[in-house]
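Here is what each chain is made of, one letter per residue.
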Amino acid sequence: MTRGALIVMEGLDRAGKSTQCAVLVDKLREMGYKTNYIRFPDRTTSIGKIIDGYLRGEVQLEDHAIHLLFSANRWELASRIHEDISNGISIVIDRYSYSGAVYSAAKGNKDLSLDWAWRPEIGLPRPDMWFFLNVSPEEAERRGGYGLERYENVTLQLRVGKLFKSLQGMENNEEMRIVDANQSKEEVAQQIFELSSAAIGQIEGPLRKLGI
Ligand code: ADP
Ligand code: FDM
Ligand code: MG
């Protein structure tokens, strides 16, 4: 049996990640691929509940400590991801290690570099392809602006955007694809679908692991 594919959607708030995950899951299912959806943070686990409290501003945590909880939240689902993939089920993930690294690094804590932030991600299931939905701040604003959670402010989002873009072309990041997310939902979906189908068609060997 061929294994499932692991596809990740990344981007700033209101880039259209959740919308595109839903469309992609539907399209893959229509094509006959068994497909599951996961989102990070998964706010339903006990670690996820702490993260939820932190994002809502109800809980205060030191920058490294919350960073490691976001990562732990991925590690607690890693075995389920491996299991699904090896059972031929594809998975579409709404935010992953890339958000994990860039949001923490964007805080500007001098002891929390992008390199440091990436370390706990090493060894997690590695996507076959990941998309950076590149939306302009103006378009994100038109889509409803930012909410009230931590990180939902223009200054931080600009820094996060720059850090995401800095990942392009980095070693060990061949799976990144940048999509112009200012286009219509249908246009974005079509590009993501074409690229994902190509990735699924080229799967060779077992799921790999994230490296440095
Ligand atoms: P994210 O998960 O990245 O925060 P969502 O998928 O929740 O973004 O989309 C945020 C809002 O923008 C929703 O109201 C959604 O309907 C709308 N939206 C998503 N994609 C587009 C698009 N390509 N063009 C216009 N509006 C969009
Ligand atoms: N976020 C998300 C992080 O800071 N680290 C992570 O590892 C992940 C997965 O949490 F502001 C941030 C990104 C965003 C918030 O928002 C989660 P959504 O609306 O649930 O995607
Ligand atoms: Mg979303």
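Residues numbered from 1 in each chain as written. Chains lettered and ligands numbered in written order. Predicted model: local features only at pLDDT ≥ 70, side-chain atom pairs only at ≥ 80, totals over all residues. Heavy atoms only, no water.

Under an unreviewed UniProt entry, the name given to the chain is Thymidylate kinase, and the source organism is Uncinocarpus reesii. Word for word, the UniProt comment on the chain under Sequence similarities (unreviewed entry) is "Belongs to the thymidylate kinase family." What UniProt records for the chain under Pathway (unreviewed entry) is the sentence "Pyrimidine metabolism; dTTP biosynthesis." (UniProt positions renumbered as here; feature names shortened; annotations may be inferred.)

J.: Can you help me understand the site of ligand 1 in this one?
T.: Taken together, Leu12, Asp13, Arg14, Ala15, Gly16, Lys17, Ser18, Thr19, Arg143, Gln183, Ser184 and Lys185 are the residues near ligand 1. Within the side chain of lysine 17, one N or O atom sits 2.7 Å away from an oxygen atom of ligand 1. At 2.9 Å, a side-chain N or O of serine 18 approaches an oxygen atom of ligand 1. Protein coverage of the free-state accessible area of ligand 1, which is 560 Å², stands at 71%. It is helix H1 (residues 17-30) that provides the largest number of residues to the shell around ligand 1, a total of 3 residues. Residue composition of the shell around ligand 1, grouped by class: 2 nonpolar, 5 polar and 5 charged. (Near = heavy atom within 4 Å. Polar contact = N/O pair within 3.5 Å; in protein donor to acceptor, adjacent residues only side chain to side chain. Areas by Shrake-Rupley, 256 points an atom, 1.4 Å probe, with all protein chains shown as cover. Helix = DSSP H or I, 4+ residues; strand = E, 2+ residues; numbered from the N terminus. Nonpolar A, V, L, I, M, F, W, Y, C, P; charged D, E, K, R; others polar.)

J.: Can you help me understand helix H4 (residues 97-105) in this one?
T.: It helps to recall that an α-helix has 3.6 residues per turn; residues three or four apart then point in one direction. Among the 9 residues in H4, 9 count as buried, and that is most of the element. Among all positions in H4, only Ser97, Tyr98, Ser99, Gly100, Ala101, Val102, Tyr103, Ser104 and Ala105 are buried. Where H4 is buried, its residues meet strand E1 (6-11), helix H3 (63-86), helix H5 (114-118), strand E4 (129-134) and helix H7 (154-166). (Buried < 20%, exposed > 50% of the residue type's maximum accessible area, 1.4 Å probe, protein only. Contact = heavy atoms within 4.5 Å.)

J.: Got a minute to help me understand the nonpolar core in this structure?
T.: Across soluble globular proteins, you tend to see nonpolar side chains buried next to one another. One finds Ile93, Tyr96, Tyr98, Tyr103, Trp130, Val160 and Phe164 to be the most contacted residues of the largest nonpolar core, which totals 38 residues. Counting only elements with at least two residues in this core, the list comes to E1, helix H2 (46-55), H3, strand E3 (90-94), H4, H5, E4 and H7. Per element, the largest residue contribution to this core is 6 residues, and it comes from H3. When near neighbours in sequence (up to four residues on either side) are disregarded, tryptophan 130 contacts Val8, Glu10, Tyr98, Phe164, Leu167, Asn173, Glu175, Met176 and Arg177. Formed by 21 residues, the second largest nonpolar core is a distinct cluster that contains Ile7, Met9, Leu24 and Val135. (Core = buried A, V, L, I, M, F, W, Y, C linked by side-chain atoms within 4.5 Å.)

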